Amino acid sequence: MTKTSMLQSKIEALLFVVGDDGLTIKQLSQLLGEQDEIIIQAMDALRKVYDEDLARGITVKEMAGVFQLITKSDLADTIQRLVENPTAQSLSQASLEVLAIVAYKQPITRVAIEDLRGVKCERPIQTLVSRGLIKEVGRSEGTGRAILYGTTKEFLHYFGLNSVEEMPPLPEEELAENEQETDLFMTKFQEAFNGAK
């Protein structure tokens, strides 16, 4: 493998891992220890490979100086079928945990969710919003006016509930106090909704 193709491979891997956040040329340059010009050349070559190979379903796009891996526009119909049939996909563990927190603590901000889980939650939140299970229900007071999330009618339908009041009760303890209680929180939620499905 040549140095150029190895560099393209590394760029591809980094863009895949960061997902929607994308990376700038400067960030790629710092991560890969190469000059901006070399990164730009490799990026152009990588984009050309994607665009010329009709067997590839993705390409590289630049938006406001940030590069992302995206699906090719001529595959929009295929992607639309996936979006219109969300029940064909099961929820990941991370998404289920975030959904549990939103369901029981709503309205809640992303930062508060991350405090409870102890890890970043941007991707699971995006997944749940795109699936119509949670939505923006307002803004918090104070600095930054963070988005508040809550469940949707689709959430109730998905779990066979008439209202959020029908959700099974959780222990009275403050679940965010320690990891053991957070684990109990997740276990109770999963047991309840695996039974409800």
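Above: the structure in question.
This structure is a prediction, so every number in the text was calculated from the model and none was measured.

### What to know about the nonpolar core
One recurring pattern in soluble globular proteins is that nonpolar side chains are buried together.
Then, in step 1: Ranked by size, the top nonpolar core spans 22 residues in total, and within it Leu99, Ile113 and Phe155 carry the most contacts.
Then, in step 2: Every element with two or more residues in this core is listed here: helix 5 (93–105), helix 6 (110–117), helix 7 (122–130) and helix 8 (153–158).
Then, in step 3: Top contributing element to this core by residue count: helix 5, with six residues.
Then, in step 4: Formed by 15 residues, the second largest nonpolar core is a distinct cluster that contains Ile11, Leu32, Tyr50 and Leu69.

### With respect to the sheet that holds strand 3 (residues 66–71)
Then, in step 1: Spatially, three strands are ordered 1-3-2 in an open sheet, and the strand pairing comes out antiparallel. Edge strands, defined here as strands with exactly one partner in the open sheet, are strand 1 (23–24) and strand 2 (58–63).
Then, in step 2: As judged from the two bridges shared by strand 1 and strand 3, these two strands associate in the antiparallel manner. Directly across from threonine 24, in strand 3, lies its bridge partner valine 66.
Then, in step 3: Sitting on the sheet, helix 1 (residues 3–18) is in contact with strand 1, strand 2 and strand 3, with an inclination near 80 degrees to strand 3.

### What to know about the packing of helix 5 against helix 7
Then, in step 1: Running from N to C, helix 5 and helix 7 cross one another at 75 degrees; their axes reach a closest spacing of 9 Å. With respect to helix 7, the axis of helix 5 lies roughly perpendicular. Only Pro124, Ile125, Thr127 and Leu128 of helix 7 make contact with helix 5, whose side of the interface consists of Ala94, Ser95, Val98 and Leu99.
Then, in step 2: A breakdown of the residues in the contact of helix 5 with helix 7 according to their chemical character gives six nonpolar, two polar and no charged.

### As for helix 5
Then, in step 1: For helix 5, built from 13 residues, the straight-helix expectation of 18 Å at 1.5 Å per residue is met to within 8% by its first-to-last C-alpha distance of 18 Å.
Then, in step 2: Listed as buried for helix 5 are Ser95, Leu96, Glu97, Val98, Leu99, Ala100, Ile101, Val102 and Ala103.

### Brief notes about the environment of valine 49
Then, in step 1: Along the chain, the position of valine 49 falls in helix 3 (residues 36–52).
Then, in step 2: Relative accessible area serves as the criterion here: at 35%, valine 49 is assigned to the partly exposed category.
Then, in step 3: C-alpha of valine 49 to C-alpha of threonine 59: the two residues are ten residues apart in sequence and 8.6 Å apart in space.
Then, in step 4: Each residue touching valine 49, except ones within four places of it in the same chain, is listed here: Gln8 and Arg56.

### Overview of the packing of helix 2 (residues 25–32) against helix 3
Packed helix pairs are specified by the crossing angle of their axes together with the interaxial distance, meaning the distance between the axes.
Then, in step 1: Their axes nearest at 9 Å, the elements helix 2 and helix 3 cross at an angle of 105 degrees. Our classification of the angle between helix 2 and helix 3 gives roughly perpendicular. Mapping the contact onto sequence places Ile25, Lys26, Leu28, Ser29 and Leu32 in helix 2 and Asp36, Ile39, Ile40 and Met43 in helix 3.
Then, in step 2: The residue inventory of the contact of helix 2 with helix 3, partitioned by class, reads six nonpolar, one polar and two charged.

Each value, and the rule that gives it
Residues numbered from 1 in each chain as written. Predicted model: local features only at pLDDT ≥ 70, side-chain atom pairs only at ≥ 80, totals over all residues. Heavy atoms only, no water. Core = buried A, V, L, I, M, F, W, Y, C linked by side-chain atoms within 4.5 Å. Buried < 20%, exposed > 50% of the residue type's maximum accessible area, 1.4 Å probe, protein only. Helix = DSSP H or I, 4+ residues; strand = E, 2+ residues; numbered from the N terminus. Pairing = 2+ DSSP bridges. Contact = heavy atoms within 4.5 Å. Axes fitted to C-alpha atoms, helices over the stretch in contact; angles between N-to-C directions. Parallel < 35°, antiparallel > 145°, perpendicular 65-115°, else oblique. Nonpolar A, V, L, I, M, F, W, Y, C, P; charged D, E, K, R; others polar. Expected span 1.5 Å × (residues − 1).

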